[in-house]
Amino acid sequence: MIIVLKPECTKEQLQSFKDQLTSDYGVKVNIWEGVHSTVLGLIGDTTAIDIDYIKAQDIVDEVRRVQEPYKKANRKFHPENTVIELSNGLKIGDGSLTIMAGPCSVESSEQICEIARDVKASGAQILRGGAFKPRTSPYAFQGLKAEGLDLLKEARKETGLPIVTEIMRVSHIDMFENVDIIQVGARNMQNFELLKELGKTKKPILLKRGLSSTIEELLMSAEYIMAGGNDNVILCERGIRTFETYTRNTLDLSAVPVLKSLSHLPVVVDPSHGTGKSSLVESMSMAAVAAGADGLIIEVHNNPKKALSDGAQSLTPKQFDHVAKSVFGLKNYLNSQANK
Ligand code: PEP
Ligand code: MN
């Protein structure tokens, strides 16, 4: 961290500020005294320093971070990729391609079981399905809630597919005990109390990027979970708000190589919410794999026209089968080139 002091800062003020920084944060402070201003260079772990507090000091003119404010999620301090292993032995982030597929919402036993069988036959390794749904309208279908979780478990029992489903509140954590991956949706990416509580569990967490969140904010949210002791975080790019209205969101695929370089955590792409259109899912899935994604999360419905949520972006099982063949084919090709 670099701090530029105001020209009127006295020697006494400088000394007392330096002493305060050293004792409060345990950092080493280097001082460069120029003709017009004095610059401080803070060396050591500056993650706990509140930049706004520093800015608020009378003698401070400007502050710059030169190090990322996240530590546990940072590749600099953990160069090797994090590989997340589920209880059935499935690994995410080990260089293979993981596909999570299923409906936006769990609607009935027949629906979820039929889709689970179909996506499994096409090669998906994880079943998705929302039981608690964050809907823009309070009048829209809110999910089957606890019953939805039971139906997901029934589909898991029948197919052996691990399940991923969204949590919306802290008081539900116990209810999610038997879920393989807990999803934190875009709308809850900065629900810090929820993130802190999930940090106390050992559950794999699929953390989706907020609708208007920067890459650094996504990593800071991952840091919240990791700071509590849970390192099992999977990052998910699911599209962000831009001025474009043709697609539901703008899928920021450059986030994939950026996240992979800044962090050691696995990165998954959601082309369904990323575009809002089923016709765009295949090309964006291919692009995500080419960009280096560790996995995809794709909405599939046995009758998209009748889906209770997100039908327009849901693939039929047949369309999904085609997408799965394409992306696994591309992944095999990329791996064979990398091994040459
Ligand atoms: C979902 O996965 O159905 C969902 C609501 O996702 P997001 O939080 O990315 O909008
Ligand atoms: Mn959805």
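Residues numbered from 1 in each chain as written. Chains lettered and ligands numbered in written order. Predicted model: local features only at pLDDT ≥ 70, side-chain atom pairs only at ≥ 80, totals over all residues. Heavy atoms only, no water.

1. As for the site of ligand 1
Inference 1: With respect to spatial proximity, the complete set of residues near ligand 1 consists of Cys 104, Arg 128, Lys 133, Glu 166, Gln 183, Gly 185, Ala 186, Arg 187, Lys 208, Arg 238, His 273 and Glu 299.
Inference 2: At 2.7 Å from an oxygen atom of ligand 1 is found a side-chain nitrogen or oxygen belonging to Arg 238.
Inference 3: Contact distances for ligand 1 include 3.2 Å between an oxygen atom and a side-chain N or O atom of His 273.
Inference 4: Against a free-state accessible area of 300 Å², the protein chains account for coverage of 97% of ligand 1.
Inference 5: Looking at the shell around ligand 1, its residues break down into two nonpolar, three polar and seven charged. (Near = heavy atom within 4 Å. Polar contact = N/O pair within 3.5 Å; in protein donor to acceptor, adjacent residues only side chain to side chain. Areas by Shrake-Rupley, 256 points an atom, 1.4 Å probe, with all protein chains shown as cover. Nonpolar A, V, L, I, M, F, W, Y, C, P; charged D, E, K, R; others polar.)

2. Some points on the packing of aromatic side chains
Inference 1: With the rule as written, the count across this model stands at two aromatic pairs.
Inference 2: Arranged with centres 6.0 Å apart and planes meeting at 35°, the rings of Phe 132 and Phe 176 form a pair that is tilted. Placement of Phe 132 in the loop between strand S8 (126–128) and helix H4 (146–159) and of Phe 176 in the loop between strand S9 (163–167) and strand S10 (181–184) is noted, with a sequence separation of 44 residues between them. Note on accessibility: Phe 132 and Phe 176 belong to one class, buried.
Inference 3: Here Phe 192 and Tyr 224 contribute two aromatic rings whose centre-to-centre distance is 4.5 Å and whose plane-to-plane angle is 25°, an arrangement assigned as stacked. (Phe/Tyr/Trp six-rings, centres within 6.5 Å; stacked < 30°, edge-to-face > 60°. Helix = DSSP H or I, 4+ residues; strand = E, 2+ residues; numbered from the N terminus. Buried < 20%, exposed > 50% of the residue type's maximum accessible area, 1.4 Å probe, protein only.)

3. Some remarks on unusual backbone geometry
Inference 1: For Lys 145, which is not glycine, the phi torsion reads 55° and is therefore positive.
Inference 2: With respect to the secondary-structure elements, Lys 145 resides in the loop between S8 and H4.
Inference 3: With relative accessibility at 40%, the residue Lys 145 sits in the partly exposed group.
Inference 4: Backbone geometry at Asp 310 places phi at a positive 55°, although glycine is not the residue there.

4. Some points on the domain arrangement of the protein chain
Inference 1: What the domain assignment reports for the protein chain is domain 1 (2–64) and domain 2 (84–338).
Inference 2: The C-alpha centroid of domain 2 is placed 43 Å from the C-alpha centroid of domain 1. (Domains from an automatic or database assignment.)

5. Side note on the coordination of the manganese ion (ligand 2)
Around a metal, the ideal angle is 109.5 degrees if four donors adopt a tetrahedral arrangement and 90 or 180 degrees if six donors adopt an octahedral arrangement.
Inference 1: In the first shell of the manganese ion (ligand 2), the protein supplies Cys 104 (SG), His 273 (NE2), Glu 299 (OE) and Asp 310 (OD), at 2.0 to 2.4 Å from the metal.
Inference 2: Of note, the manganese ion (ligand 2) draws all its donor residues from one chain, in the sequence arrangement C-x168-H-x25-E-x10-D. Of this pair, His 273 sits in helix H8 (residues 271–275) while Glu 299 sits in strand S14 (residues 295–299), and the two are 26 residues apart along the sequence. Of the two residues, His 273 and Glu 299, neither departs from the other in class, the shared state being buried. (Donors = N, O, S within 2.8 Å, 3.2 Å for Na, K, Ca; no water.)

6. A short note on the sheet that holds S10
Strands pair in a sheet through their backbones, by hydrogen bonds, and they do so in one of two ways: parallel or antiparallel.
Inference 1: The strand order S7-S8-S9-S10-S11-S12-S13-S14 describes a closed barrel built from eight strands, whose pairing is parallel. In this sheet, adjacent strand axes meet at a mean angle of 30° when their direction is disregarded.
Inference 2: Examined bridge by bridge, S9 and S10 share four bridges and lie parallel to one another. Its bridge partner lying in S10, Val 164 is registered against Ile 181.
Inference 3: Seen against the sheet, helix H9 (residues 281–290) touches strand S13 (267–269) and S14 and runs at an angle of roughly 165° to S14. (Pairing = 2+ DSSP bridges. Axes fitted to C-alpha atoms, helices over the stretch in contact; angles between N-to-C directions. Contact = heavy atoms within 4.5 Å.)

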